Amino acid sequence: MPNFKTDYSNQNMFVPIIIDEQLIPGTIEYAISHIVDNNLDLSPFDAHYHNDKNGAAAYPPSIMLKVIFYAYSLGMLSSRRIERACVNNVTFMCLSGDERPHFTTIAAFIAQMKDTIEPLFTQVLMICDEQGLIGRNMFAIDGCKISSNASKEWSGTHEELRRKKEKLQRASQRIIERHQSQDSLPNEVIEQDLRQKQKLDSSADKIGAFLASTKDKLGSSKKPVKSNITDNDSAKMTTSKGTIQGYNGIAITDDKHQIILHSQVWGSVGEQQTLKPAVLALKEQLEKLPNSSERTTKFTADSGFHSKTNLKFLSETPYDCYIADSGFRSRNPLFQNSETYQTEQAKKRKKRSKTGKTCYSISMFEFNQDEMTCRCPAGNMMRLSSKNAVIRGERGAQFCGYLNDCRQCVHQPLCMRKQPGKQVGRQVFFIYKNTKDFDHMQAMKDKIDSPEGRRQYSKRLGCVEPVFGNITVNKQMNRFTLRGQEKVNAQWAMFSMLHNMEKLRNCII
Ligand code: SF4
């Protein structure tokens, strides 16, 4: 015979909760509660409340902040889940003072954070500085692409969206025509078709309203780029895990304790263009902090931020910069025999080339800049197709192999990815080496290839990457829940602020 313990689930019980004993120093909930109660100036929130004469009393911003930050620290982004936690989780009850805000109140409070997050972020940064968590030895910038609260299927240029709308209208019209030609359709089929038609019409109307209220988005080359109906500030971007509709969350961190000094999200802007505004914002932020440093701070960034314009801009700042370029690893002798690196490079090349083939690199061609000539690996002279070509912002000379040479060439399978076309043979592009801007590029190459440059740049990884790991993996912030750049920016700043508060956890006792 089995012997089970008695089931008392039908008996009532009283559970005593001593609030002070739930929030233990050294925990994130204690740090959040302490910082919100003692260090943050919450008066900017007052502007949002006009209920002194009539209307119900509002939940205090301190309660809302504590509950939201603690929920975010647990990876809880949904307002409904936060509402439920305030009802059945003891720590949430303690932070909320046993108040139970409705999920719409929580969502509205998060959405209005766009107006108040900036001073709060700076105040937390000031505490970090007081506690000596900001070293000012090295800053690093990087970006992390995160999905937006928008479907990538609802994106396209205005022309593409117009075609999509017409397609939906045609599909809706086909349903009507089918019904007109077949009178005796069963009721069930008619109802299903009507529902389908309603869906198609509402989608077509949605696109129509969007087209009427917006203009085509233009890219950096002034050509139309894809807009998005649900969140037009977000953009389609390629990540290592495929294409997403999202934002690029930029952060600048300090290397001592990975404190985030500046955070900002960008939609339809290339990563290179985010460096200048980020560095200017960092300067402003540092001016607000009480401690200053006599030392020259180092500044590192990966090849995503490498461009002539950025190097020129950084050379005018007081930072000692180390910015890698795309050839940095391949020039490093340590990576010459690295199997992992070579395999990764081969995979990337294969992905870039549709046929999966690699071809002769530019270093195999002899370019003479004084005479403006180029000789290919087969020893043939090439035709100068442009003296002043600009490719990816670089000015240089473009050469093209003569068709007759390339068609009969024994090197052709190795030199070209595809058979020569009707008009062009192998094309190569050489960047001019005597321009003023090039000096910045060459100077940075020389600097970062030196043993000291490599040593300093190697610190970048530990300075900034763990921050993104903490936010996207530990806090599960892998999809923004708000729409529009301002609101998304506030949510990204809230996660950055939370990351900084976590660092303060052991300092606040
Ligand atoms: S394919 Fe054309 S460019 Fe390439 S080596 Fe042969 S002749 Fe020269």
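Here, every reference points to the structure presented above.
Cut-offs used in this document
- Residues numbered from 1 in each chain as written.
- Predicted model: local features only at pLDDT ≥ 70, side-chain atom pairs only at ≥ 80, totals over all residues.
- Heavy atoms only, no water.
- Patch = residues over 30% accessible without salt bridge, like charges linked within 9 Å, V, L, I, M, F, W, Y side chains within 5 Å.
- Areas by Shrake-Rupley, 256 points an atom, 1.4 Å probe, with all protein chains shown as cover.
- Salt bridge = Lys/Arg side-chain N within 4 Å of Asp/Glu carboxyl O.
- Buried < 20%, exposed > 50% of the residue type's maximum accessible area, 1.4 Å probe, protein only.
- Pairing = 2+ DSSP bridges.
- Helix = DSSP H or I, 4+ residues; strand = E, 2+ residues; numbered from the N terminus.
- Axes fitted to C-alpha atoms, helices over the stretch in contact; angles between N-to-C directions.
- Expected span 1.5 Å × (residues − 1).
- Contact = heavy atoms within 4.5 Å.
- Parallel < 35°, antiparallel > 145°, perpendicular 65-115°, else oblique.
- Nonpolar A, V, L, I, M, F, W, Y, C, P; charged D, E, K, R; others polar.
- 1 Å grid on protein atoms, 1.4 Å probe; cavity = no way out; pocket = protein on both sides within 12 Å on 5 of 7 lines; lining within 4 Å.
- Points joined across faces, edges and corners; volume = space filled by probe spheres on them.
- Phe/Tyr/Trp six-rings, centres within 6.5 Å; stacked < 30°, edge-to-face > 60°.
- Near = heavy atom within 4 Å.
- Sits in = over half its atoms within 2 Å of the grid points.

Attention now goes to a nonpolar patch on the surface. A grouping of Met13, Val15, Ile17 and Ile19 is seen on the molecular surface, where their side chains present a nonpolar patch of about 410 Å² in accessible area. By relative accessible area, which is 61% here, Val15 ends up exposed.

Here we come to the sheet that holds strand S13 (residues 383-391). Spatial strand order, S13-S14-S15: three strands in an open sheet with antiparallel pairing. Since the sheet does not close on itself, it has two edges, and those belong to S13 and strand S15 (427-431), each with one partner. Strand-to-strand, the axes of this sheet are offset by a mean angle of 30°, without reference to chain direction. Pairing between strand S14 (residues 394-400) and S15: five bridges, direction antiparallel. Paired with Cys400 across the strands is Gln427, a residue of S15.

Further remarks concern the pairing of S14. For S14, a buried count of six out of seven residues is recorded, marking the element as mostly surrounded by other parts of the structure. As judged from the six bridges shared by S13 and S14, these two strands associate in the antiparallel manner. The residue of S14 that forms the bridge with Val390 is Arg395.

Here helix H7 (residues 117-130) is 14 residues long and its end C-alpha atoms lie 20 Å apart, about the 20 Å a rise of 1.5 Å per residue gives. Buried residues dominate H7, accounting for 10 of its 14 residues. All of the buried residues in H7 are Ile117, Leu120, Phe121, Thr122, Gln123, Val124, Leu125, Ile127, Cys128 and Asp129. Those residues of H7 that are buried are in contact with helix H2 (28-38), helix H3 (61-73), strand S8 (260-266), helix H10 (275-288) and helix H19 (485-504).

Two numbers describe how H2 lies on H19: the axes approach to 9 Å, and their chain directions differ by 105°. Classified by the interaxial angle, the pair formed by H2 and H19 is roughly perpendicular. On H19, the residues that touch Ile28, Ala31, Ile32 and Ile35 of H2 are Leu498, Met501, Glu502 and Leu504. Here the contact of H2 with H19 is built from residues that sort into seven nonpolar, no polar and one charged.

Moving on: the side chain of Thr91. Within the element layout of this structure, Thr91 appears in helix H5 (residues 90-96). Leave out the neighbours within four places in its chain, and Thr91 touches Leu23, Glu29 and Tyr70.

Evaluation of the coordinates by the stated rule reveals two cavities of 30 Å³ or more. Its volume calculated, the largest cavity comes out at about 130 Å³. Together, 16 residues line the largest cavity, and Cys376, Asn380, Cys406, Cys409 and Cys415 are the ones closest to its centre. Put simply, the parts of the chain that give the lining of the largest cavity at least two residues each are helix H14 (403-408) and helix H15 (412-415). Grouping the constituent residues of the lining of the largest cavity by class yields 10 nonpolar, four polar and two charged.

Before going further, it helps to examine unusual backbone geometry. What is expected of a backbone is that most residues other than glycine have negative phi and most peptide bonds are trans. Phi is positive for Met372, which is not a glycine, with a value near 55°. Among the secondary structure elements, Met372 is positioned in the loop between strand S11 (366-368) and strand S12 (373-375).

Moving on to the packing of aromatic side chains. Tallied over the full model, the rule gives 12 aromatic pairs. A ring pair is formed by Tyr72 and Phe495, whose centres lie 4.5 Å apart and whose planes are at 15°; its orientation type is stacked. Separated by 423 residues along the polypeptide, Tyr72 in helix H3 and Phe495 in helix H19 bring together distant segments of the chain. Like Phe495, Tyr72 is buried.

Let us now look at the site of the ligand. Surrounding the ligand, one finds Cys376, Pro377, Ala378, Asn380, Asp405, Cys406, Cys409, His411, Gln412, Cys415 and Arg426. With respect to the pocket detection grid, the ligand is positioned in the largest cavity. Put simply, the parts of the chain that give the shell around the ligand at least two residues each are H14 and H15. The class makeup of the residues in the shell around the ligand is six nonpolar, three polar and two charged.

A word on the environment of Phe121. Considering the arrangement of structural elements, one finds Phe121 in helix H7. Along the primary structure Phe121 and Leu261 are separated by 140 residues, whereas in three dimensions their C-alpha atoms are 9.0 Å apart. Setting aside residues up to four positions removed in sequence, Phe121 forms contacts with Ile260, Leu261, His262, Ser263, Gln285, Ala493, Ser496, Met497 and Asn500.

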